[in-house]
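A structural walkthrough
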Amino acid sequence: MLRDDHILILGDTHLPFEHKDYLDFCLEIKDRVKCKKVVMIGDLVDNHALSLKFNADPDGRSPKDEIEEAKLHLRDWYKAFPEVFLCLGNHDRRVDLKGKHVGLPECVFRPFREIWELPKGWKDAYSWEIDKVRYIHGTGYSGDNAHIKAAVNSRQSCVIGHIHHLCATGYTASDKDCLFGMAVGTGIDVKKYAFVYERFFPRKPIVGVGVVTDKGSCCQVFKMSL
């Protein structure tokens, strides 16, 4: 029986550049730990062709083709997870940022959930709080202690994604409380052209998921074997 206080946290998928086995792995952990609720920690889509920071691969897909392929991949995720709490990540915002960069007013933008045809069961927001645990993408955080920093800054236990090489849990305690921080890794395939910038980093992406159980008091990460 699925437990309402067991929550599965999906790592950054960066569709359509996710690892081909990641969806099956997520479903396996969901069933193993009996998770009823699901949080997608952000960067659901990559929007590589719309990046302002990195040059798009000239041999890669056009913005339209990338979006259309991501939508095809999304159908499988929507079917597998009918209800999801989605945290918006920095890659998810690339469409809006690109529009603002070229001088378009916000009133002409399509809403995120309309572009990606989110089903009714998918709720999108910057952050979520479930069982007194905060869930955010992690934009602005970096380093090996980012998950702990996020918990300290949030003044509560916190789960992040964003940092692909970080798949870990940790605790910080005071005289008043004990908080956990968790980073859930990612779901990407680093061999895809969208991640050429990561290929030569000394720290490699860790494909994984996180789980929060026991009414927000316990956390655990699971690494997928590659």
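To start, this report covers the structure provided alongside it. Being a predicted model, the structure only gives us computed values, none of them experimental.

Focus: the overall build of the protein chain
The secondary structure content of the protein chain amounts to 5 helices and 11 strands. For a compact globule of 226 residues, the expected C-alpha radius of gyration is about 17 Å, and the protein chain comes in at 17 Å, within 12% of that figure. Viewed in the frame of its principal axes, the protein chain has a C-alpha envelope of about 50 × 40 × 35 Å. Here the protein chain holds 226 residues, and the buried ones make up 50% of them. Sequence-distant contacts, at least 24 apart, represent 70% of the contacts inside the protein chain between residues at least 6 apart. Each charge class in the protein chain was averaged separately, 33 positive and 32 negative side chains, and the resulting centres sit 2 Å apart.

Some points on the sheet that holds strand β2 (residues 35–40)
Across the sheet, 6 strands lie side by side as β4-β3-β2-β1-β10-β11; this open sheet has mixed pairing. With one partner strand each, in any of the chains shown, β4 (122–125) and β11 (218–223) form the two edges of the open sheet. Between one strand axis and the next, the sheet turns by 25° as a mean value, whatever way the strands run. Packing of helix α1 (residues 22–33) onto the sheet brings it into contact with β1 (3–10), β2, β10 (208–213) and β11, and relative to β10 it is tilted by some 20°.

Focus: the packing of α1 against helix α2 (residues 63–80)
Taken N-terminus to C-terminus, the directions of α1 and α2 make an angle of 10°; their axes are 11 Å apart at the nearest point. Here α1 is positioned roughly parallel relative to α2, judged by the angle of their axes. Of α2, the residues touching α1 (which contributes Y22, L23, C26 and L27) are D76, W77 and A80. Of the residues that constitute the contact of α1 with α2, the class distribution is 6 nonpolar, no polar and 1 charged.

Observations regarding the pattern of salt bridges
Summed over all chains, the structure comprises 11 salt bridges. The salt bridge partner of R3 is D5, with a shortest N-O separation of 3.1 Å. Here R3 falls in the partly exposed class, since its relative accessible area comes to 39%. In this structure, K37 engages D4 in a salt bridge whose closest nitrogen and oxygen atoms are separated by 3.7 Å. With K37 in strand β2 and D4 in strand β1, this pair connects stretches of sequence that are 33 residues apart.

So, the environment of T186
Residue position: T186 is located in the loop between β9 (178–184) and β10. The class for T186 is buried, based on a relative accessible area of 0%. Sequence separation between T186 and G161 is 25 residues; the distance between their C-alpha atoms is 7.0 Å. When near neighbours in sequence (up to four residues on either side) are disregarded, T186 contacts G11, D12, Y22, H164, P205, I206, V207 and G208. From its side chain, T186 meets the backbone oxygen of D12 in a polar contact 2.9 Å long.

Conventions and cut-offs
- Residues numbered from 1 in each chain as written.
- Predicted model: local features only at pLDDT ≥ 70, side-chain atom pairs only at ≥ 80, totals over all residues.
- Heavy atoms only, no water.
- Helix = DSSP H or I, 4+ residues; strand = E, 2+ residues; numbered from the N terminus.
- Rg over C-alpha atoms; globule rule 2.2 N^0.38 Å.
- Buried < 20%, exposed > 50% of the residue type's maximum accessible area, 1.4 Å probe, protein only.
- Contact = heavy atoms within 4.5 Å.
- Lys, Arg positive; Asp, Glu negative; His and termini not counted.
- Charge placed at Lys NZ, Arg CZ, Asp CG, Glu CD.
- Pairing = 2+ DSSP bridges.
- Axes fitted to C-alpha atoms, helices over the stretch in contact; angles between N-to-C directions.
- Parallel < 35°, antiparallel > 145°, perpendicular 65-115°, else oblique.
- Nonpolar A, V, L, I, M, F, W, Y, C, P; charged D, E, K, R; others polar.
- Salt bridge = Lys/Arg side-chain N within 4 Å of Asp/Glu carboxyl O.
- Polar contact = N/O pair within 3.5 Å; in protein donor to acceptor, adjacent residues only side chain to side chain.

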